[in-house]
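Structure at a glance
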2 protein chains.
Amino acid sequence: MIHQRECPVETLIHVLGGKWKPMILWQLIESNKRFNDLEKLIPDVSQKMLSQHLRDLEREGIVDRTIYPTIPPKVEYSLSEYGKTLIPVAEVMCAWGENHNKRKYKESAS
Amino acid sequence: MIHQRECPVETLIHVLGGKWKPMILWQLIESNKRFNDLEKLIPDVSQKMLSQHLRDLEREGIVDRTIYPTIPPKVEYSLSEYGKTLIPVAEVMCAWGENHNKRKYKESAS
DNA sequence: CTGCATCCCAAGCGATACTG
DNA sequence: CAGTATCGCTTGGGATGCAG
């Protein structure tokens, strides 16, 4: 089933619309991270949501998951080459959001 | 309360994260529209959600709402000057989403 | 015509417990 | 260490009815 969306903007929103997904991406842009690292770096995320979001991002091809079959197990998450195409998009979104937050702050302070 | 978000990307997602918001913006970019016009142009939207999303977008300063005190009442929605700053952002998002949809189609067809 | 109010369902998310 | 399973709360959204 092709299921062409009317507006591709919704596609993007769906891809990084999860509560913690932007934060996860943000961390992986900086450097590869293990599951436990992400858990510590994103204080309020639950294991369930971290796991679920990582699985979502993996399925979309945004992040790669490398398993080292050691004991104890080690799993490393990284931004895929394709995932890196999201960076400029995220930067544009970030710039607008930052400005919007400032705007809202100013008007509530007036 | 200032409530600074950690990642401004979330701010943007919150602004146009509603199910029909991208579609509404899309329509208002093209030209000003009345409530009833939007209802017809976006076939599956419910009155409740259309109203609620328009109110959200208005509160964020994205759309302007002009009331003509006629009988029957006429209300026109338009993209505000500030709202127009969203257009380039939406275009970037749209381009990525379009490519992502193609990618997903190809891999499911392989 | 342009809404708001109400009720209801589905999805998203959080907390806790358990596993290889 | 890196998860999965289950439950329950909270939010988003659809359907219907009512109002200025």
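What you see is a predicted model; the values in this text were computed from it and never measured.

Superposing chain B onto chain A takes a rotation of 180° plus a shift of 0.0 Å along the axis, which leaves an RMSD of 0.1 Å. Between the two chains, the operation in question is that of a two-fold axis. Minimal C-alpha distance to the rotation axis in chain B is attained by Ile-13 of chain B, lying at 3.3 Å.

Let's shift gears to the protein's contact with DNA strand D. Residues in contact with DNA strand D amount to 21 residues; listed here are only the nearest, Asn-36, Ser-51, Arg-65 and Tyr-77 of chain A together with Lys-48 of chain B. Within 4 Å of the protein, atoms of DNA strand D come from sugar and phosphate in 65% of cases. One of the side-chain nitrogen or oxygen atoms of Trp-20 of chain B is found 3.3 Å away from a phosphate oxygen of DNA strand D. If you list the elements that add at least two residues to the surface near DNA strand D, you get α3 (35-41), α4 (47-59) and β3 (74-79) of chain A together with α4 (47-59) of chain B. With 4 residues, α4 of chain A is the single largest residue contributor to the surface near DNA strand D.

The next subject is the protein's contact with DNA strand C. Lining the immediate environment of DNA strand C, one finds 20 residues, of which Lys-48 of chain A together with Asn-36, Ser-51, Arg-65 and Tyr-77 of chain B sit closest. Here DNA strand C approaches the protein such that, of its atoms within 4 Å, sugar and phosphate make up 63%. Side-chain polar atom of Lys-48 of chain A to a base oxygen of DNA strand C: 2.3 Å apart, as the coordinates give it. One of the side-chain nitrogen or oxygen atoms of Arg-34 of chain B is found 3.1 Å away from a phosphate oxygen of DNA strand C. Of the residues belonging to the surface near DNA strand C, the class tally is 8 nonpolar, 6 polar and 6 charged.

Okay, the environment of Gln-47 of chain B next. As for its placement among the helices and strands, Gln-47 of chain B is situated in helix α4. In this structure the side chain of Gln-47 of chain B is engaged in a polar contact, spanning 3.4 Å, whose partner is the side chain of Glu-39 of chain B.

Predicted coordinates in regions of low pLDDT should not be interpreted in detail. Averaged over all residues, the pLDDT of chain A is 92; the fraction at 70 or higher stands at 94%. Below pLDDT 50 for its whole length, residues 1-5 of chain A participates in 4 contacts with residues either more than four positions away or in separate chains.

With that settled, the discussion passes to the packing of helix α2 (residues 21-30) of chain B against α4 of chain B. Residue and element names in this part refer to chain B. Relative orientation of the contacting elements α2 and α4 amounts to 70°, with a least axis distance of 10 Å. As far as their axial angle goes, α4 and α2 are roughly perpendicular. Every residue of α4 that contacts α2 at Lys-21, Ile-24 and Leu-25 is listed here: Leu-50, His-53, Leu-54, Asp-56 and Leu-57. Looking at side-chain class alone, the contact of α2 with α4 contains 5 nonpolar, 1 polar and 2 charged residues.

Before going further, it helps to spend a moment on the nonpolar core. In terms of nonpolar packing, the biggest core is built from 56 residues, with Ile-62 and Met-93 of chain A together with Ile-62 and Met-93 of chain B touching the most fellow members. Filtering out sequence-adjacent residues up to four positions away, Ile-62 of chain B remains in contact with Trp-96 of chain A together with Val-15, Leu-25, Leu-57, Ser-78, Leu-79, Ser-80, Tyr-82, Gly-83 and Leu-86 of chain B.

Right, let's get into helix α2 (residues 21-30) of chain A. Among the 10 residues that make up α2 of chain A, 7 are buried, leaving the element largely enclosed by the rest of the structure. All buried positions along α2 of chain A are accounted for by Lys-21, Pro-22, Met-23, Ile-24, Leu-25, Gln-27 and Leu-28 of chain A.

The rules behind these values
Residues numbered from 1 in each chain as written. Chains lettered and ligands numbered in written order. Predicted model: local features only at pLDDT ≥ 70, side-chain atom pairs only at ≥ 80, totals over all residues. Heavy atoms only, no water. Least-squares fit on C-alpha atoms with pLDDT ≥ 70 in both. Near = heavy atom within 4 Å. Polar contact = N/O pair within 3.5 Å; in protein donor to acceptor, adjacent residues only side chain to side chain. Helix = DSSP H or I, 4+ residues; strand = E, 2+ residues; numbered from the N terminus. Nonpolar A, V, L, I, M, F, W, Y, C, P; charged D, E, K, R; others polar. pLDDT = per-residue confidence, 0-100. Contact = heavy atoms within 4.5 Å. Axes fitted to C-alpha atoms, helices over the stretch in contact; angles between N-to-C directions. Parallel < 35°, antiparallel > 145°, perpendicular 65-115°, else oblique. Core = buried A, V, L, I, M, F, W, Y, C linked by side-chain atoms within 4.5 Å. Buried < 20%, exposed > 50% of the residue type's maximum accessible area, 1.4 Å probe, protein only.

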